[in-house]
Structure formats: C-alpha cells, structure tokens
Amino acid sequence: GVHNWISTLTQGISEAANDVEEEACLIKAYNRWELDFECSGGGCDLIELQLAFIRANKENGRRDSGGQEYWQRARQWALALMERNIGYRFVLSQSLDKADIMNFIDAPLILDACACLSELELERIRNFLKHGGQAWITAPFASHDNNNRSRNPEPLAELQKAFPGIRLLPHEDVTELLGGIIGEGAFSPLINMAGSNLDWKIRLRLHDGRLSIHLLNTALEGVAHKVAMDRWGREKVLHKITSRGSAEPLVFDLDLEKLGCCDYRPFLLSPELSSSREVKIQTIAKNRVRFSVELSGIRLYAIMK
C-alpha cells in the first residue's frame, strides 16, 4: 500500500515535501557505524546445508508432474531454510565445476529435481559422496545430461547402492520435508527457536575467527508519506518503516559445542541504538545456551558480538 521513491525519478514528486533529506544525510550514520564495528567485511557464513541450483535444469525448462518449474523448488527450499534460521549456501554449476563442495563436506547437499546434470557435475557429486558427504535427493536425478539428452540407465539406483550418504526424498511440500527430517533427528540445526517471536531471522557468521550473530527483521510495515505521491499521483510514497517484530524478545537456543566457542558472552549492537545492550544468557544443557534478546527500539538490524 506504499509506493517506493524510485517512481518519482522521471517526473519528480507531484508536490514537494519539506521533510525530505538527501541520501548522504540518511545513510551517513549507518556507514559510520559499520566502519566503527567492522561488521560487514571479512566474514564468512556458517554453512549447515548446501542447496544445488543447476543452470541446465532452468535452461532446459524442466518441470515436475504438476507443471512447476525447477527453479521454484530451489526457491521453496531457500525460504524454508531461512524460516528455520539454517545457514545455507547455493551450489551453482560453476561451484560444481570448481569442486568447492568438498570444502563443505559436513554440510548435506540438497539435490531437488536436478534432472539435468553434465558428466562433470555428476562426477563432482559422486566424488562428494565417495568422501563421506551426504545428499538429499528428490527424483528425477541426473536422468538427462546438461543438453537434455536422456541417460540410460539412470545413475540414481547405482549411486544409492554405492553410497550410504544418499537420502531419497519424496516430491512433497518442502517445509514438511524439512520439518520431518529435523523431527526424526536426521539433521539438527545449530539454532532452535524457543520463544514466540519468529519475525527476526538469524545468521551465524565468523568474523576473524570470532562468532557474530546477525539479526534481521522481516516484520516491517511501510508508513505512507502525508504529501508525496508517486509520479502518477495515485499512491503515496514511503515515509518511514515501522516494525511489528520488536515488541517481544527474541529467544533462541544455540549449540555452542558444535561451533567450538563454549565461552560466548555477546553484547547487542545496532545502528539504531546509542549504546550496546546486554543479552540474557541461560545455560540449558552442556554447552547449549538460551539467548533472550531485547529488541525494543530496533526496527531492522542488530548484531550480537
């Protein structure tokens, strides 16, 4: 219900607003904050799962029996992993060509409806399995090459016999599949939510070998400007952003033993806070702690470090 400012670029706003600030003024404080706390550069995500997105499946227009395109399944997996706060990385065709999946041998590789694979990509996956990697596979898998030519016989049956790390998944709702795998204990995420606030999403990163926990709010609402309209004069443009997700604390459990940082006592920082804020910490099991993060006054982003 609120239009963006880009719509005013070609013709300008229909009526000038006296409270509009220049971009440099708006972002200056946040840029300075990033420099002061060095939160943006030199880090790497903690990867728990790998999600394959093989270009040939999209280029060849692969669809499932329900007419759904291949890339939509990959998108559903990405959203499901984000909702569960699971650290993941996309494995693209270029990644397979370079064999960098071997750098994440402990992170299971999701191969959902990867019907089209080149010989090199198939060999990279076979090598990943050979070295103890796990793969969650939804058929069809490698039934065609990257030029959409069929393989006979299909390699999936042979791979299942050769490698115990393969888990064959039914072609069902991705959220339910992931929930079932976690529920039976076949995969244990580092983060488990323990409170009712599910609006904030969590990303674990290492900065110079030290753990940082990035928090991003998804429950944002745009407030319309009182005067400024889009270029067509039909809709008011964005004035400010409010948050629905900051009233309740963010409560989650984290397995510190898996991360190798058992003595972790972070503070909460945000460009929206004038000073750091303490984080409540409770030990609930050996090397497993519960964090309770007070988010009042923070609309968009914070970091625990």
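Reference entry: report on the structure contained in this document.

Definitions and limits used
Residues numbered from 1 in each chain as written. Predicted model: local features only at pLDDT ≥ 70, side-chain atom pairs only at ≥ 80, totals over all residues. Heavy atoms only, no water. Helix = DSSP H or I, 4+ residues; strand = E, 2+ residues; numbered from the N terminus. Buried < 20%, exposed > 50% of the residue type's maximum accessible area, 1.4 Å probe, protein only. Contact = heavy atoms within 4.5 Å. Lys, Arg positive; Asp, Glu negative; His and termini not counted. Charge placed at Lys NZ, Arg CZ, Asp CG, Glu CD. Salt bridge = Lys/Arg side-chain N within 4 Å of Asp/Glu carboxyl O. Phe/Tyr/Trp six-rings, centres within 6.5 Å; stacked < 30°, edge-to-face > 60°. Axes fitted to C-alpha atoms, helices over the stretch in contact; angles between N-to-C directions. Parallel < 35°, antiparallel > 145°, perpendicular 65-115°, else oblique. Left-handed = near helix turned anticlockwise from the far one by under 90°. Nonpolar A, V, L, I, M, F, W, Y, C, P; charged D, E, K, R; others polar.

1. Let's talk about the overall build of the protein
Consideration 1: On a plain count of helices and strands, the protein comes out with eight helices and 17 strands.
Consideration 2: Across its three principal directions, the C-alpha atoms of the protein cover 70 × 55 × 30 Å.
Consideration 3: Residues classed as buried in the protein amount to 40% of the 305 residues present.
Consideration 4: When contacts within the protein are restricted to residue pairs at least 6 apart in sequence, long-range pairs at least 24 apart make up 72% of them.
Consideration 5: Taken as two groups, the 37 positive and 41 negative side-chain charges of the protein have centres that lie 1 Å from each other.

2. A closer look at the pattern of salt bridges
Consideration 1: With the rule as written, the count across this model stands at 15 salt bridges.
Consideration 2: Residues Arg89 and Asp100 are paired through a salt bridge, measuring 2.8 Å at the closest nitrogen-oxygen approach. Taken together, the residues Arg89 in strand 3 (residues 88-92) and Asp100 in the loop between helix 4 (93-98) and strand 4 (109-112) connect sequence positions 11 residues apart.
Consideration 3: Residue Arg89 is classed as buried on the basis of its relative accessible area, which comes to 13%.
Consideration 4: Salt-bridge contacts for Glu272 lead to Arg299; the nearest nitrogen and oxygen are separated by 3.2 Å.

3. Quick look at the environment of Lys286
Consideration 1: One can find Lys286 in the loop between strand 15 (280-285) and strand 16 (288-293).
Consideration 2: Lys286 sits in the exposed class, given a relative accessible area of 69%.

4. Describing the packing of aromatic side chains
Consideration 1: For the structure shown, the criterion picks out five aromatic pairs.
Consideration 2: Their ring planes at 90 degrees and their centres at 6.1 Å tell us that Trp33 and Tyr301 sit as a pair that is edge-to-face. On the criterion of sequence distance, the pair formed by Trp33 in helix 1 (residues 23-37) and Tyr301 in strand 17 (residues 301-304) is long-range, its members being 268 residues apart. In this pair, the class of Trp33 matches that of Tyr301, namely buried.
Consideration 3: Ring plane angle 40 degrees and centroid distance 5.4 Å describe the contact between Phe252 and Phe291, whose orientation is recorded as tilted. Placement of the pair is Phe252 in strand 12 (residues 250-255) and Phe291 in strand 16, with a sequence separation of 39 residues. You'll find Phe252 and Phe291 in the same group, each marked buried.

5. Topic: the packing of helix 3 (residues 70-83) against helix 7 (residues 174-183)
The relative placement of two packed helices is expressed as an angle between their axes plus a distance between the axes.
Consideration 1: Between helix 3 and helix 7, whose axes approach to 9 Å, the crossing angle comes to 50 degrees. Relative to helix 7, helix 3 is oriented oblique. The two elements helix 3 and helix 7 cross, and the hand of that crossing is right-handed. Contacts from Arg73, Gln76, Trp77, Ala80 and Leu81 of helix 3 reach helix 7 at Val174, Thr175, Leu177 and Leu178.
Consideration 2: For the contact of helix 3 with helix 7, the per-class residue count stands at six nonpolar, two polar and one charged.

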